[in-house]
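For reference, the chains in residue letters:
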Amino acid sequence: MERYILVSTILGLILLLFFFSEYRTNQSLNQEATLEGFIIMKEGEVYLVEDPDFVQEDANKLTIQELRRKYNMSKLLIKGFGTLRGIENGQKVKVWYSEILESYPGKVEVIKIEPM
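- Looking at an unreviewed UniProt entry, one finds the protein chain named DUF3221 domain-containing protein and attributed to Saccharococcus caldoxylosilyticus.

In structure tokens:
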């Protein structure tokens, strides 16, 4: 009986933490912290090109260094699995984020990505 109560308590806490995490994500989304741009997936990294003059053919032709010289880009730090599901290289997207870290290139902690 003691084990049943202990296991039930642990599972209850895990569920509570999961729902709290989902609640925080939804609250962040409601604050409308968003960026729009084109997604670049190269060399095991994911970047967001925020330059409106971006040419989609460059996503496949140019290297990351060439893209950095030509366009304003931020590196995306993606936490959740499946965040990039359905997103293709060079596609225009809207990105919800929690924080932008100061570095070169800037690093954006991603909450959600949607194609436009």
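That shown, we press on.
Structural notes on the overall build of the protein chain
Item 1. In terms of helices and strands, the protein chain carries three helices and five strands.
Item 2. Starting at the N terminus, the α and β elements of the protein chain follow one another as α-β-β-α-α-β-β-β.
Item 3. A buried classification covers 31% of the 116 residues belonging to the protein chain.
Item 4. Partitioning the intrachain contacts of the protein chain with sequence separation of at least 6 by distance along the chain shows that 57% fall at a separation of at least 24.

Details of the side chain of D51
Item 1. Tracing the backbone through its elements, the reader meets D51 in the loop between strand 2 (45-49) and helix 2 (58-61).
Item 2. At 9.1 Å, K70 is the nearest oppositely charged side chain to D51, a buried residue that forms no salt bridge.
Item 3. One polar contact links the side chain of D51 to the main-chain amide nitrogen of D53, over a distance of 3.0 Å.
Item 4. Ignoring sequence-local partners within four residues, the contact set of D51 consists of F38, K70, Y71 and N72.

Quick notes on a nonpolar patch on the surface
Item 1. Taken together, the side chains of L6, V7, I10, L11 and I14 make up a nonpolar region of the molecular surface, amounting to roughly 470 Å² of accessible area.
Item 2. With respect to the secondary-structure elements, I10 resides in helix 1 (residues 2-30).
Item 3. On the basis of relative accessible area, I10 is assigned to the partly exposed category, the value being 42%.

Observations regarding the nonpolar core
Item 1. Counting residues in hydrophobic clusters, the biggest one holds twelve residues: L35, I39, V46, L48, L76, I87, V93, V95, Y97, V108, V110 and I113.
Item 2. Secondary-structure elements contributing two or more residues to this core are strand 1 (34-42), strand 2, strand 4 (92-101) and strand 5 (106-115).
Item 3. Setting aside chain neighbours within four positions, we find I87 in contact with I39, M41, V93, I113, E114 and P115.
Item 4. By size, the runner-up hydrophobic cluster in this structure holds eleven residues, among which are L62, I64, L67 and Y71.

Description of the environment of I87
Item 1. For I87, the position within the fold is in the loop between strand 3 (73-78) and strand 4.
Item 2. Overall, the relative accessible area of 8% leaves I87 in the buried class.
Item 3. A C-alpha to C-alpha distance of 7.8 Å links I87 and E114, two positions 27 residues apart in sequence.

Regarding the side chain of E109
Item 1. Along the polypeptide, E109 turns up in strand 5.
Item 2. Setting aside its immediate chain neighbours within four residues, E109 contacts L77, K79, W96, Y97, S98, E99 and L101.

What counts as what
- As a convention, each chain's residues are numbered from 1 in the sequence order in which they are written.
- Reporting in this predicted model follows two pLDDT cut-offs: at least 70 for local features of residues, and 80 or more for side-chain atom pairs to be given and counted; totals over whole chains, interfaces and linings ignore these cut-offs and use all residues.
- In computing side-chain values, all of the structure's heavy atoms are included and hydrogens and water are not.
- Going along the chain from the N terminus, every DSSP run of H or I of four or more residues is numbered as a helix, and every run of E of two or more is numbered as a strand.
- The buried label applies to any residue whose accessible area, calculated with a 1.4 Å probe on protein chains only, is under 20% of its type's maximum; exposed applies above 50%, and partly exposed to all values in between.
- Here, two residues are considered to be in contact whenever any of their heavy atoms come within 4.5 Å of each other.
- Only four residue types enter the tally: Lys and Arg on the positive side, Asp and Glu on the negative side, with His and both chain ends excluded.
- Here, a salt bridge means any Lys or Arg side-chain nitrogen found within 4 Å of an Asp or Glu carboxyl oxygen.
- Two N or O atoms form a polar contact when they lie within 3.5 Å of each other; inside protein one atom must be a possible hydrogen donor and the other a possible acceptor, and for residues adjacent in sequence the pair counts only when both atoms belong to side chains.
- For patch building, the residue pool is restricted to those with more than 30% relative accessible area and no salt bridge; the joining distance is 9 Å between like charges and 5 Å between nonpolar side chains (Val, Leu, Ile, Met, Phe, Trp, Tyr).
- Where accessible areas are quoted, they stem from the Shrake-Rupley method and a 1.4 Å probe; at the residue level, only the protein chains shown are allowed to cover.
- For this analysis, a nonpolar core means a set of buried residues of the types Ala, Val, Leu, Ile, Met, Phe, Trp, Tyr and Cys, connected via side-chain atoms within 4.5 Å.

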